[in-house]
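Notes for the structure review
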Amino acid sequence: MVEFYRVRVRTKGNTDVIDITQHVADAVEKSNKKDGIAVVFVPGSTAAITTIEYEPNLVKDIKNIMEKLVPSNIEYLHHKTWGDDNGSSHIRASIVKPSLTVPFQNKELLLGTWQQIVLMDFDTREREREIIIQIIGE
Amino acid sequence: MVEFYRVRVRTKGNTDVIDITQHVADAVEKSNKKDGIAVVFVPGSTAAITTIEYEPNLVKDIKNIMEKLVPSNIEYLHHKTWGDDNGSSHIRASIVKPSLTVPFQNKELLLGTWQQIVLMDFDTREREREIIIQIIGE
Amino acid sequence: MVEFYRVRVRTKGNTDVIDITQHVADAVEKSNKKDGIAVVFVPGSTAAITTIEYEPNLVKDIKNIMEKLVPSNIEYLHHKTWGDDNGSSHIRASIVKPSLTVPFQNKELLLGTWQQIVLMDFDTREREREIIIQIIGE
């Protein structure tokens, strides 16, 4: 009933937005499930999973808005804990959250035409991220 | 184990907030499941699913805050991609996200007394939205 | 296939952040499931579930940012509905949302090393919260 797939993705950090829709569709395809949910989860506290119309201008817009809402260049108390500089990354990730559940039917993700599943990496440096794609269904 | 229900909802856009709790409760009722989850998902990249105490004043408050956080009347690079005017709609939807998982037990959604499941339509025009209600359980 | 656990947690409100990871891990442990999802849900419209690196400075940072984004000391129309003072609590909760789905495999939650599951209580007073931990899997 439950299957796990894992993909590794390189990111540039700094609200890098990566389209992972094909990875999720591939997991659904490979699974022996016709109907169910894909739970997409990124371990770590400075990244998140959501959907967006994945086009370069909107990706820049979301970086700009994140910078306005939770600025990276102000002092966070968290920076004193570890000598880190990624307080804003943690807060953005806690708001957007690391988990997304997407239904599929007849092996098709029920996304809109202009809706892609994305990893947002808010960390302040390049990262390699592992993404869990869990398929539950029948 | 998996059942799908679909409802169509007319919205006015512009952070229109629509109470869809009864639709989700009806799907749970109609299903042959006693215990499980309702995955509520809106296909599309300018709408989201969340919960709120659904009362008219709070609905206005959330419109006001969304306008303050992600203003609709500033220029987004996305507007140059398609000649659209809904950059703010996309960003709000990516933050609030299109998916919500609600547990139910003995056919009752485990919501709080003042907690309703809502569609938030952030698009800048009237829309008809299809909402997927997927019931997984036993 | 579906099991329910409930925990009660006392909070101070005002964006109190409570680490509930151990409660979720305990539910997975007690369940008769090896692989699946833990759906963590807080009934109520002024609290949310997410993940964070749980350390005291970052907890203060997130309180500060929430206060900046959705201030508690401005007038909300909602305050006129019930004579309440928690308009900001509702809006914060609707954005961060009451539900989080976390995969587990071989009875281990697939969290990052520095990633804890937390309840955020945005209400303006002390509360006792019941949290639903639903285990679905095999």
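The structure we're discussing is the one just above.
One structure accompanies this document, and this report is about it. (Residues numbered from 1 in each chain as written. Chains lettered and ligands numbered in written order. Predicted model: local features only at pLDDT ≥ 70, side-chain atom pairs only at ≥ 80, totals over all residues.)

In this complex, chain A contributes 29 residues to the contact, which on the side of chain B involves 27 residues. Contributing elements (two or more residues each) for the side of chain A that touches chain B: β3 (36–41), β4 (47–52), α2 (56–69), α4 (87–96) and β5 (99–105) of chain A. Top element by residues in the side of chain A that touches chain B is α2(A). It accounts for seven residues. When grouped by side-chain class, the residues that make up the side of chain A that touches chain B number 14 nonpolar, nine polar and six charged. (Contact = placed C-beta atoms within 7 Å. Helix = DSSP H or I, 4+ residues; strand = E, 2+ residues; numbered from the N terminus. Nonpolar A, V, L, I, M, F, W, Y, C, P; charged D, E, K, R; others polar.)

Here we take up the packing of α4(A) against helix α2 (residues 56–69) of chain C. Look at α4(A) against α2(C): their axes get within 10 Å of each other, and the N-to-C directions meet at 65°. Here α2(C) runs roughly perpendicular to α4(A), going by the angle between their axes. Crossing of α4(A) against α2(C): the hand is right-handed. Every residue of α2(C) that contacts α4(A) at Gly87(A), His90(A), Ile91(A) and Ser94(A) is listed here: Leu58(C), Asp61(C), Ile62(C) and Ile65(C). Looking at side-chain class alone, the contact of α4(A) with α2(C) contains four nonpolar, three polar and one charged residues. (Axes fitted to C-alpha atoms, helices over the stretch in contact; angles between N-to-C directions. Parallel < 35°, antiparallel > 145°, perpendicular 65-115°, else oblique. Left-handed = near helix turned anticlockwise from the far one by under 90°.)

On to unusual backbone geometry, then. When glycine is set aside, most residues are seen to have a negative phi, and most peptide bonds are trans. All names here are of chain A. One non-glycine residue, threonine 15, adopts positive backbone phi at about 60°. Its place among the elements puts threonine 15 in the loop between β1 (2–11) and β2 (16–19). Phi is positive for lysine 97, close to 75°, though the residue is something other than glycine.

What follows deals with the sheet that holds strand β6 (residues 108–109) of chain A. Residues and elements named next belong to chain A. The strand order across the open sheet formed by five strands is β1-β8-β3-β5-β6, and the pairing between neighbours is antiparallel. Both outer strands of the open sheet, β1 and β6, are each paired with one neighbouring strand and no more. The sheet contact formed by β1 and strand β8 (residues 127–137) spans ten bridges and is antiparallel. Note that in β8 the partner of valine 2 across the bridge is isoleucine 136. Relative to β8, helix α1 (residues 21–30) is tilted by about 35°, and along the sheet it contacts β1, β3, β5, β6 and β8. (Pairing = 2+ DSSP bridges.)

Next up on the list: the sheet that holds strand β2 (residues 16–19) of chain C. Residues and elements named next belong to chain C. Judged by pairing direction, the sheet is antiparallel, and its three strands sit side by side in the order β2-β7-β4 without closing on themselves. Lying at the two open borders of the sheet, with one neighbouring strand each, are β2 and β4 (47–52). Put simply, the sheet's adjacent strands are angled 30° from each other on average, direction ignored. Pairing analysis gives four bridges linking β2 to strand β7 (residues 116–121), with the strands arranged antiparallel. Counted as the bridge partner of aspartate 19 is valine 118 from β7.

On to the pairing of strand β5 (residues 99–105) of chain C. Residue and element names in this part refer to chain C. Counting buried positions over the seven residues of β5 gives six, a clear majority of the element. Two strands pair when backbone bridges link them, and β5 and strand β6 (residues 108–109) are joined in this way by two bridges, in the antiparallel orientation. Pairing of phenylalanine 104 across the sheet is with leucine 109, part of β6. Hairpin connection of β5 to β6: two residues between the antiparallel strands, including asparagine 106 at a positive phi of 50°. (Buried ≥ 20, exposed ≤ 12 C-beta atoms within 10 Å, placed from the backbone.)

This paragraph deals with the relation of the copies chain A and chain B. For the pair chain A and chain B, the superposition axis carries a translation of 0.0 Å, the fit reaches an RMSD of 0.0 Å, and the rotation angle comes to 120°. The transformation relating the two chain copies, once decomposed into turn and shift, fits a three-fold axis. A distinct binding surface is used by each copy, with only 10% of the interface residues of chain A retained as interface residues in chain B. (Least-squares fit on C-alpha atoms with pLDDT ≥ 70 in both.)

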